[in-house]
Amino acid sequence: MAAFPWHARARNYVSESEVCKLESVPLDFGDYHPLKPITVTESKTKKMTRKGSTSSTSSSSSSSMMDPLSSVLDGTDPLSLFAAAADPVTTAPPTDGARRKRDKDESSAVGSDFEPWSSKRGEILARYTTTEKLSINLYMGSEKGKATTTGSAVSEKVRTRLEELDDLEEGSQKELLNLTQQDYMNRIEELNQSLKDAWSSDQKVKALKIVIQCSKLLSDTTVIQFYPSKFVLITDILDTFGKLVYERILSMCMDNRVSLPDNFSPESVNDTAKETCLNWFFKIASIRELIPRFYVEAAILKCNKFLSKTGILECLPRLTSMIRGIGDPLVAVYARAYLCRVLLTEMMERCKKLGNNALLLNSVMSAFRAEFIAARSMDFIGMIKECDESGFPKHLLFRSLGLNLALADPPENDRLQILNEAWKVITKLKNPQDYINCAEVWVEYTCRHFTKREVNTVLADIIKHMTPDRAFEDAYPQLQSVIHKVITYIYDFAVLFSVEKFLPFLDMFQKENVRVEVCKCIMESFIKHQQESTKDPVILNALLHICKTMHDSVNALTLEDEKRMLAALINGFIKMVSFGRDFEQQLSFYVEARSMFCNLEPVLVQLIHSVNQLAMETRKVMKGNHSRKTAAFVRACVAFCFITIPSLSSIFTRLNLYLHSGQVALANQCLSQADAFFKAAVSLVPEVPKMISVDGKMRPSDAFLLEFLCNFFSTLLVVPDHPEQGVLFLVRGLLNVIQDYTWEDNSDDKVRIYTNVLHLLSAMTQETFIYHVDKVDSNDTLYGGDSKFLAEINKLSETVVSQILDHLKTLGKEETLKRQSQLAHYFFNTIVAHGDLRNNRLNQLSVNLWNLAQKHGFADTKTMVKTLEYIKRRSKQPEMSHFTDLALRLPLQSRT
């Protein structure tokens, strides 16, 4: 086929830019602003009736925006309801007022920082649930004693009540089976309500019956995972009963409507109240079964205050002994827990007097809130000192104390003394495992409250204990924990690396995988906390050593994810290094880093980008006017990139970096170096494989190559020709490579590339290019519109057009007609945008392409209509009148 002439239209980019600008319309927002809250005014009007009733109008305005979702839900947000259902405070039953008062009374004895039972209660109920079926035994006694009998003898009254209790234990029982957890909880709540009703109606014995039968439920451990929640529910009833009895007796002590003070003595209690109190204890003592007798007496244990100052302390040993008679160990443990709950202070006082209380003391420090323990640290240290070493080692007690102090702060004046007392014990430990288990905990306390001097002392002591016989090899998890805690609290790396023993501490990690994990942990902390770039030589040397350790761990078996993670950490470090205006020192650092991290390709890529950025910063400082020194420096940067890129394995990474680095070289007036980059990119194109790996999957490379070449063409527009090379030598070389490249049979990317080449060649024919590189003369300046230069461009354009038309002919088969239609329309758009349609042959070619796109019914009608509308609009612009004739020659065909 003969070469088809190409005529590019002359462009006036400035006027075209003005035409394409959006029309500016002045807007008067008034009071409206999209971020301003909306004011909603609601008006309600009652229409006047025929009978002449008056109308009333009410309006209300809100200054805040109305939430349509809230209005639909009528103020009930399902998420808020769900959160409230899970919150033990908001979902508490009516007895919560009393429970909070009891918690307040208890906190006055143990301190306001003691965790109240109400919060612990909610956690237990939420955690210990079950889907198994539950059963409950209800003991149905007689109705005797409901009404009080007046006139009977006291002994008869007592005998009747004792019979009622016997009737409760020996009477018929009703067993409810197959209850769900919710059903079970509802039954328990019913019993709780029945207790209150019986008490308010003066049926005290019935109330006692309910408490006894509820207590018996605690002997059933069938569904063991639900037992903690059952314990909470039943003890709620016991607490209610204990409070009712206590307040009943307290009310009997009122004298002239004046109640007893909180710290009353038994001498101020009248005989009637004491007799009633004793009567309750006698009733409870007559309960035959052990478990209900224990729980009910424990529930009213506080009532001993009415009888004797030491009444509670006298009862504790007996109640404790009673628990030994409970055979089930789970039931026995929870019985002891309840005993500790109803007056904890007395239990603690009793434990202090025992010689072997270390185990209990450890349990207290493990179970109580950290704030409670921390506030009394010196008291606990005193108790730890007095403990018997044989029963439970003291270092374990100090470890438990340290765990609490890691979560809460002790009084400031006690902090140093606490550390000294603890470390006196820790440093004397001979067993390395015992030592490190304890020291690991106290490292956090030291970091929280002291300076690097104390931290250094602790690290030195750990090294001293763990180095002999390589004891550190058995304690890597604990040593890792120490490092993690240190860098958590000392995240100023200038301070961290000034800790003398920090780097020697790292030397103990001699197992490679552990050492790498520690290095990763340190680098993550650096990247997270380092806000400003650094050039501190101490930091740089230390972190280079750590990064080198990570890099050297990479081998043939290292997973790609691990490589990416290590590279990301090293890159994060590289980005944070800056020597300010000392660009030569910065380049020296990058050169050293390249030699150290040559096995991680993402790091090399980052170094190339960093060096290119360094060259551009130099250009910015010099405002584009390089001196001899800066020009030499920029060429050194360019050389760094040029010798580094070939070491990369990813071909598209190399292509893009050649292009990017060439652009940087061009911007810095390094023209020969820029040519070298672009030539390297051209010579690399034939090596692009048909398939490449993308995110672990094999994908065709055509789309990636097309994207790269389009970017390359955009750069080649401003690259000046080399004086010793031919006209457009880079464009010609690239076209030859594209021609020889083996494309997929079902791919049209080659034609799309050629079409983009036409865009480039059309831009090159303009008198002034659309963009330039500052202080670089492009071909529009060098050739000045020379006719020979334009002839060369037209010659290349004709060749490209011929290639496109030849390819369109090959798509004439039935199975490729759709591709032919799409490419014809694509080429048509190129001619309309860049061609001079006043040329008759080019005008006729555009009409032929339009008809070809619609010929076989594969054209998109909407697209064709919009294209024609665009041409008609263009025809109304100056110097575009020939588009009117063109539009008349472009018919629209229906698919039918």
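Residues numbered from 1 in each chain as written. Predicted model: local features only at pLDDT ≥ 70, side-chain atom pairs only at ≥ 80, totals over all residues. Heavy atoms only, no water.

Draft legend 1. Quick peek at the overall build of the protein. Across its full length, the protein carries 41 helices and six strands. Within the protein, the proportion of its 896 residues that are buried is 45%. Contacts spanning at least 24 positions in sequence make up 71% of the contacts within the protein whose residues lie at least 6 apart. Here the protein displays about 47,900 Å² of accessible surface, and carbon together with sulfur accounts for 53% of that area. (Helix = DSSP H or I, 4+ residues; strand = E, 2+ residues; numbered from the N terminus. Buried < 20%, exposed > 50% of the residue type's maximum accessible area, 1.4 Å probe, protein only. Contact = heavy atoms within 4.5 Å. Areas by Shrake-Rupley, 256 points an atom, 1.4 Å probe, with all protein chains shown as cover.)

Draft legend 2. Expanded view of the packing of helix α8 (residues 204-216) against helix α11 (residues 290-299). One way to put it is that α8 packs onto α11 with a least axis distance of 8 Å and a crossing angle of 120°. With respect to α11, the axis of α8 lies oblique. The hand of the α8/α11 crossing is right-handed. Within the contact between the two elements, α8 uses L208, V211, I212, S215 and K216 and α11 uses I291, P292, Y295 and V296. (Axes fitted to C-alpha atoms, helices over the stretch in contact; angles between N-to-C directions. Parallel < 35°, antiparallel > 145°, perpendicular 65-115°, else oblique. Left-handed = near helix turned anticlockwise from the far one by under 90°.)

Draft legend 3. View of the nonpolar core. W442, I462, F502, F505, L543 and F573 are the most contacted members of the largest nonpolar core, which has 196 residues in total. At ten residues, the largest contribution of residues to this core is made by helix α31 (residues 651-667). Not counting the four nearest positions on each side in its chain, I462 is found in contact with Y435, I436, A439, V443, L479, V482, F505 and M508. Membership of the second largest hydrophobic core comes to 67 residues, among which are L179, L218, Y295 and Y338. (Core = buried A, V, L, I, M, F, W, Y, C linked by side-chain atoms within 4.5 Å.)

Draft legend 4. Main features of the pattern of salt bridges. One pass over the structure, following the stated rule, counts 21 salt bridges. With its nearest N and O atoms 2.4 Å apart, the salt bridge here joins R448 to D409. Within this pair, whereas R448 is found in helix α20 (residues 432-449), its partner D409 is found in the loop between α18 (394-405) and α19 (415-426), the two being separated by 39 residues in sequence. Between K775 and D774 there is a salt bridge, with the nearest N and O atoms lying 3.3 Å from each other. Taking relative accessible area as the criterion, D774 reaches 41% and is therefore assigned partly exposed. (Salt bridge = Lys/Arg side-chain N within 4 Å of Asp/Glu carboxyl O.)

Draft legend 5. A look at the pairing of strand β5 (residues 691-694). Relative to strand β6 (residues 697-700), β5 is paired through four bridges, and the arrangement is antiparallel. Directly across from I692, in β6, lies its bridge partner R699. Between β5 and β6, which pair antiparallel one after the other, the connecting turn spans two residues, and D695 there sits at a positive phi close to 55°. (Pairing = 2+ DSSP bridges.)

Draft legend 6. Broad picture of helix α26 (residues 537-552). Helix length check: α26 (16 residues) gives 22 Å between terminal C-alpha atoms against 22 Å at 1.5 Å per residue, within 8%. Among the residues of α26, I539, L540, A542, L543, L544, I546, C547, T549, M550 and H551 are the ones counted as buried. Where α26 is buried, its residues touch α23 (493-496), α24 (502-506), α25 (512-529), α27 (560-575) and α28 (583-596). Of the residues that open α26, the one with a side-chain oxygen 2.8 Å from the backbone nitrogen of V538 is D536. (Expected span 1.5 Å × (residues − 1). Polar contact = N/O pair within 3.5 Å; in protein donor to acceptor, adjacent residues only side chain to side chain.)

Draft legend 7. Region of interest: unusual backbone geometry. Despite not being glycine, D202 has its phi angle at roughly 65°, a positive value. On the secondary structure map, D202 appears in the loop between α7 (181-200) and α8. The exposure class assigned to D202 is partly exposed, which follows from its relative accessible area of 43%. In this structure, R470 is a non-glycine residue whose phi angle is positive, near 50°.

Draft legend 8. Looking closely at the environment of G122. Position of G122 among the secondary structure elements: in helix α5 (residues 117-127). When the C-alpha positions of G122 and S229 are compared, they lie 9.4 Å apart, and in sequence the two are 107 residues distant.

Draft legend 9. Fine view of helix α39 (residues 840-854). Helix length check: α39, at 15 residues, gives a terminal C-alpha distance of 22 Å against a target of 21 Å (1.5 Å per residue), a fit within 8%. Those residues of α39 that fall on the buried side of the exposure criterion are L842, N843, L845, S846, V847, L849, W850, A853 and Q854. Residues of α39 that are buried make contact with α37 (787-810), α38 (817-834), α40 (861-874) and α41 (882-888). For α39, the N-terminal cap is N839; the gap from its side-chain oxygen to the backbone nitrogen of R841 is 3.2 Å.

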